[in-house]
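# Coordinate inspection notes
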Amino acid sequence: MGWAMYFKREIWKKLLFWKNEQKQVTLEVHGARQVGKTFILKKFCQSEFENFIYMNMAEKSGRDFLVSIAEMQEKYHKREVESFHVFDLLKGYDPAFEDSENTVVVIDEIQESAEVYNLIREFTRGLRARFIVTGSYLGKVLDKEFFLPVGDLATLTVHSLSFLEYLDIFGLKEVQAECYKQKKPDEAIKKHFEIYLRIGGYPAVIKKYLQTGSVSECRKVLTHIIDMFISESLRYFSEINDFDVFRDLMSAITILAAKEKQGTNLIEDVVNIVAKRGTNRLSKDTASKAIAWLRTSGIIGYATKLIDGDALSQVSHARFYFQDIGVAGFFMSSTGVNVSIQKGILAENYVYMVLRNQYYPGSLAEISQEVIGFEPMFSVYEKTGGELDFIVCGKFGGKKYGIEVKAGRNRANTGRVMLNSGLIDHLYLLEGVTSGGETDCTTTLPLYLADQLELQFHMEGQMELFFFS
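First things first, this report covers the structure right here in the doc.

Conventions adopted
- Residues numbered from 1 in each chain as written.
- Predicted model: local features only at pLDDT ≥ 70, side-chain atom pairs only at ≥ 80, totals over all residues.
- Heavy atoms only, no water.
- Helix = DSSP H or I, 4+ residues; strand = E, 2+ residues; numbered from the N terminus.
- Contact = heavy atoms within 4.5 Å.
- Axes fitted to C-alpha atoms, helices over the stretch in contact; angles between N-to-C directions.
- Parallel < 35°, antiparallel > 145°, perpendicular 65-115°, else oblique.
- Buried < 20%, exposed > 50% of the residue type's maximum accessible area, 1.4 Å probe, protein only.
- Pairing = 2+ DSSP bridges.
- Salt bridge = Lys/Arg side-chain N within 4 Å of Asp/Glu carboxyl O.

## Side note on the environment of Lys190
Within the secondary structure layout, Lys190 lies in helix 10 (residues 187-199). Placed 258 residues apart in sequence, Lys190 and Tyr448 show a C-alpha to C-alpha distance of 6.3 Å. Setting aside anything within four residues of it in sequence, one finds Lys190 in contact with Gly432 and Tyr448.

## Notes on the packing of helix 12 (residues 215-233) against helix 16 (residues 325-332)
For the pair helix 12 and helix 16, interaxial distance at closest approach is 11 Å and the crossing angle is 90°. As summarised for this structure, helix 12 and helix 16 are arranged roughly perpendicular, according to the angle between their axes. Between helix 12 and helix 16, the residues in contact are Arg219, Leu222, Thr223 and Ile226 and Gly326, Val327, Gly329, Phe330 and Phe331, respectively.

## Some remarks on the pairing of strand 6 (residues 300-307)
Regular strands place side chains that alternate from one sheet face to the opposite one. Within strand 6, seven of the eight residues are buried, which leaves the element mostly enclosed by the surrounding structure. Taken together, the six bridges between strand 6 and strand 7 (residues 310-322) define a ladder with antiparallel strand orientation. Bridge assignment links Ile307 to a residue of strand 7, and that residue is Asp310. Following strand 6, the chain reverses through two residues before pairing antiparallel with strand 7; Asp308 in that reversal takes a positive phi of roughly 55°. Bridging between strand 6 and strand 8 (residues 377-381) involves four bridges; their strand directions are parallel.

## Considering the pattern of salt bridges
Tallying each qualifying case throughout the model produces 14 salt bridges. In this structure, Lys173 engages Glu10 in a salt bridge whose closest nitrogen and oxygen atoms are separated by 2.9 Å. With Lys173 in helix 9 (residues 173-182) and Glu10 in the segment before helix 1 (11-21), the pair connects residues that are 163 residues apart, well separated along the chain. By relative accessible area, which is 22% here, Lys173 ends up partly exposed. Judged by its relative accessible area of 31%, Glu10 falls in the partly exposed class. Shared partners join several salt bridges into a network, and the residues in it are Glu10, Lys13 and Lys173.

This is the structure we're talking about:
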């Protein structure tokens, strides 16, 4: 078909940043199952380092490494592992190991061994070689044998392919950028966007689409990925032994999205919905743990609520979103919500992912120098009870951008009201069917160009801030 089965990923730039700029820390890579963490890491390490050693703690290579540790313990009369010379440990595991900046060691599925995870500090501080670890963060949190090596880790999150990365497969990334620049629609990009909303960005799902061109075949692959994730998740919960509980949880999250529930009682809302759907074995405490697992596993994310666009009124974790649009659509289709509302929710979820990627990366200690908050935000307008889908606030009195997402849902135009009231400085209307347009304070764009949004937060005459040591 002419497409290589290796997809270019934006995460490569951040891996290069770690390699070149963060030489004294180990990189811990997070991300949901099957988003391509291991593949991209292997590709990167083989390309950027002269020596590459890989081990997987859930496979034979990991077991072999544990044998090396045991042998070292025996040699040193079972002293604590931390006292061993980690160079000898790695050399014993792989005689080809060289302690230099041109060597990288990747330890996959590190949550399977507290003993190995707790060596991160020794690896980082005792060797010149570089280290990358991947695994489940919640698995470590639930196990008291794991300690957190503060200061020795940089974190990086890998998500499924964004629409921008998806377009790049078809050579349309630059076309999208040009369409945004000229504020014009494009039928080819629109067609691909509709497909992307249906299949999402998991590499295996996209590969299946490239091979078959069939959305239904893609859904089979997505179903397998979700089932595999749920099966592995059950290992962490003695309170949950029913496969369908996780499915009910994720369906409940989509129902909350349809109801536009907001506030601080999301866990209780989820429990109530699950109970109404016939699963009454879920306590609030268990639901809380399960939702924390869904979040730290990269399946769902949160949004923060503001009141009247005031950044000082933040209520964190006030709404759920899925981190992959295909997963969102999978569970949305099981809720019974009518199709027009489903389209609106998926469109909103897509924009959430765009903002997450551009302004709230949550990785490599990249706290934004421009944007307030740590997760995408929306705002309620108390005067009317309306809601602005998203709001992005610049730091230090910078511009506030409102974003309304319109894709078949009837909704009050809260964005215009807030703009006219001076609560936001500029309004973006992202619509499913539009040719685009622009006034002084309002920009209308086709929804499928959202990835190209370039928000400028510095305001003319804004006071410069200086920091003195």
